[in-house]
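Residue-level structural notes
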2 protein chains.
Amino acid sequence: MNDQKPLKKIWFLFIAIFIICGTQAQEIQQRRGVEVVSPEINGDNSVTFRLYSENAQSVAVNGSWMEFGQNLEMKKGDDGVWSAKTAALEPSMYHYNFILDGVSIIDPRNPKALRDGTRYASTLIIPGEASEVFQVNDVPHGAITKVWYDSPTLKLNRRMYVYTPPGYAKSKEKYPVLYLLHGGGGDEDAWSSLGRANYILDNLIAEGKAKPMIVVMTNGNAEQSASVTDWSKLPDASQSFGPGANGNEQEIIDGMTKFPNSLVNDVIPYIEKHYKVIANSENRAIAGLSMGCLQTQITAMSNPGLFQYVGCFSLGIHFNTPFDLISNNILIPAYDQHLETMKNKLFYVGCGKDDFCYEGVQTLLKKLDEHNFECVYNETEGGHTWANWRIYLADYAPRLFK
Amino acid sequence: MNDQKPLKKIWFLFIAIFIICGTQAQEIQQRRGVEVVSPEINGDNSVTFRLYSENAQSVAVNGSWMEFGQNLEMKKGDDGVWSAKTAALEPSMYHYNFILDGVSIIDPRNPKALRDGTRYASTLIIPGEASEVFQVNDVPHGAITKVWYDSPTLKLNRRMYVYTPPGYAKSKEKYPVLYLLHGGGGDEDAWSSLGRANYILDNLIAEGKAKPMIVVMTNGNAEQSASVTDWSKLPDASQSFGPGANGNEQEIIDGMTKFPNSLVNDVIPYIEKHYKVIANSENRAIAGLSMGCLQTQITAMSNPGLFQYVGCFSLGIHFNTPFDLISNNILIPAYDQHLETMKNKLFYVGCGKDDFCYEGVQTLLKKLDEHNFECVYNETEGGHTWANWRIYLADYAPRLFK
């Protein structure tokens, strides 16, 4: 048994280095407590969440599968472990937080968390057919590059993420490009972390469903250089709500068109100069969700020859909301002026039945119909969620460049 | 005053989209509570931390500036806001967690958090001269690419991060390469997130202090394809402690040399095939911290002609520890065999005075001295910390390829 000794010692030393390397010395105290597994996906796709706290007064789970405002209370066992079990969940990727004595926290036992704007949530994938398309499967993977580029339009050096498909580095071919825009509160990180755009493309390309393409994921907040994690200064809260949130009417319109202008004047030229790109409208697509869908519509309709493929996820024309200003001044005139002569190969619209933007999307569909402009409309269950945006991307990408 | 109305409405709608887009509906309840600022860096570089919880029993801060095991208790005010103020902190980047009723959480008001292995911590930079080198400054930024490559040695498709310096994409030049290895519990993400290697290089290159170079940040855990965030399966806890943690003596040695072998046989050839690289030993450097320093020594000393620059951060030769096995079987024979004929341009050793590996580092220095092999030794304050590893990288990189 003597030859077991060095093994145990090495094991111990690795644990020691592992713990001491870290920054959270108090974890050791936690490790002395009860080791819990969380989340645990049960055989029937229900999920059990657990949190160890002797002292907490209340713990609940809030997850992206719940109705808005709902929580699931966790109950404390004699061993100090709080737990709760969900009903069976559909295969998808979910986000959740624990509410510990009123404070929203990530699950400390789940190493998978991600940032949504300025907040963090734990994540969880229920495996199944619907999840296959965004899983990390055993297929060739493209690369994601975090690139900084100059934006004279916004007077900033800015960051974006560029996905290049498998084989790109050694290929002599040129590729089509999809410009993919995030929503309000998000940034250039959102489409790969929450949206898993790179894995969706990897999987669709591996199956021959989508053409190999470059995907450019920008930061749509015209005042930001990069996501908050890559600023050295702490963020100014007044900058968190995207462009156009203050000023007079013209300033609002200017604010809202700033990013679309920089996309056209700065981003596209940078990509077409630095990447192996087929630089024509047949090989140029755009799509965006929510605020990014507004920016998509502004960009595509103000530059009617630029994109042959336009994807509108979870936003339309808001006649009866404060978007009046943008709708009345930019979108409706552009649709009325350009739709009949535009030859988009694809105008794709995706919206959930419970989306708070549903009415505006119907208005957009009506406007397209009014001009006999054909579109593909994908109406899904659910609302204004990443679960839906992943579905729309996986449905949109295979329709491009064909 | 009527023209103020649409502005307020737009503002409201943006907030609505911002909130509803997210996944944490309970945040709305929090917003109805007290809005606190945390962390707040005061004029004297002390820091005030705040957390709002009416129900918590105890809240403390644990930070990387504290002695091991120490916490700073937070006190509750009448408004339900817990707060604590540190002494003045030296300019550096720090990590911290709140301990809320015994649970380690990130600061919910701080949008900057990062992952250290399987755990998350909030981060904080105290500005000042010592922080300048890793801040996001207004200088040209290199790009970081997340690349997947085949490792026949490890029978895995694996991920690494590759930093290319500003101007790389359009340049016709070839570049030298630094291979940079993380420590136990880390992965390919660590050197850019915790170590800020890309910003350190950006700043040193902008000042003309370091030569433009490619930096390759690998995953040193031979069983992993990629960091835990990019696995689809939940991690197997038995795989968390790096290579060589089980098996008989030969298996331990094999486990510990697996990653160094894949670095030499898979990674370096991939980089030299896919990037604009000057592929010779004068333009090839390696450095690693802790477990990565052990791997650095194994790689460099088992392949004595491969690197002209070797950086050893916070680990040495452990004669009197379980690393005996590696030291006796690999390192010491290699040092004794090769040191007198090796012509490394630079052997750099960095260690903190309080590092638990301090003695082993002194043993390494003695071994080098025994063979009249010159090294650069940087002994700093503090211990086995990222604060020190950032310092060593910023000190090591300017000495390379000159």
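The rules behind each value
- Residues numbered from 1 in each chain as written.
- Chains lettered and ligands numbered in written order.
- Predicted model: local features only at pLDDT ≥ 70, side-chain atom pairs only at ≥ 80, totals over all residues.
- Heavy atoms only, no water.
- Helix = DSSP H or I, 4+ residues; strand = E, 2+ residues; numbered from the N terminus.
- Expected span 1.5 Å × (residues − 1).
- Buried < 20%, exposed > 50% of the residue type's maximum accessible area, 1.4 Å probe, protein only.
- Pairing = 2+ DSSP bridges.
- Axes fitted to C-alpha atoms, helices over the stretch in contact; angles between N-to-C directions.
- Parallel < 35°, antiparallel > 145°, perpendicular 65-115°, else oblique.
- Contact = heavy atoms within 4.5 Å.
- Polar contact = N/O pair within 3.5 Å; in protein donor to acceptor, adjacent residues only side chain to side chain.

Some remarks on helix 6 (residues 291-302) of chain B
- Under the 1.5 Å per step criterion, the end-to-end length of helix 6 of chain B is 16 Å for 12 residues, consistent within 8% with the ideal 16 Å.
- Three or more residues of helix 6 of chain B are buried, namely Met291, Gly292, Cys293, Leu294, Gln295, Thr296, Gln297, Ile298, Thr299, Ala300 and Met301 of chain B.

Side note on the environment of Gly208 of chain A
- Locating Gly208 of chain A in the fold gives a position in the loop between helix 4 (197-206) and strand 13 (214-217).
- Sequence separation between Gly208 of chain A and Pro398 of chain A is 190 residues, and the spatial gap between their C-alpha atoms is 8.9 Å.

Here's the deal with helix 4 of chain A
- When you tally the buried positions in helix 4 of chain A, you get nine out of 10 residues, the bulk of the element.
- Remark: Gly208 of chain A follows helix 4 of chain A within two positions and exhibits a positive phi of approximately 75 degrees.

Let's talk about the pairing of strand 15 (residues 309-313) of chain B
Residues and elements named next belong to chain B.
- For strand 15, the buried fraction is high: five of the five residues fall into the buried class.
- The alternating pattern of strand 15 places Tyr309, Gly311 and Phe313 on one face and Val310 and Cys312 on the opposite face, and all of these are buried.
- Judged from the five bridges that link them, strand 15 and strand 16 (residues 346-352) form a sheet pairing that is parallel. Bridged to Val310 within strand 16 is Phe347.

Some points on the packing of helix 5 (residues 249-274) of chain B against helix 7 (residues 324-338) of chain B
All names here are of chain B.
- In contact at an axis separation of 10 Å, helix 5 and helix 7 are set at 75 degrees when each is read in the N-to-C sense. Comparing their axes, helix 7 and helix 5 come out roughly perpendicular. Together, Glu249, Ile252, Ile253, Met256 and Thr257 of helix 5 and Leu325, Ile326, Asn329 and Ile330 of helix 7 make up the contact between the two elements.

Some details on the environment of Ser262 of chain A
Residue and element names in this part refer to chain A.
- If you trace the backbone, Ser262 turns up in helix 5 (residues 249-274).
- Looking at Ser262, the relative accessible area reads 1%, which means it is buried.
- For the pair Ser262 and Arg390, spaced 128 residues apart in the sequence, the C-alpha separation amounts to 26 Å.
- Setting aside its immediate chain neighbours within four residues, Ser262 contacts Ser151, Thr153, Leu154 and Val267.
- Here Phe259 takes part through its backbone oxygen, which lies 2.9 Å from a polar atom of the side chain of Ser262.

Some thoughts on unusual backbone geometry
- Put simply, Ser38 of chain A and Pro39 of chain A share a cis peptide bond, and its omega is -5 degrees.
- Its location among the elements puts Pro39 of chain A in the loop between helix 2 (27-32) and strand 1 (40-41).
- Unusually for a residue other than glycine, Asp101 of chain A sits at a positive phi of about 45 degrees.
- Following the sequence through the fold, Asp101 of chain A ends up in the loop between strand 6 (92-100) and strand 7 (103-105).
- Owing to a relative accessible area of 1%, Asp101 of chain A belongs among the buried residues under this scheme.
- At Lys155 of chain B, a residue that is not glycine, the phi angle is positive and equals roughly 55 degrees.

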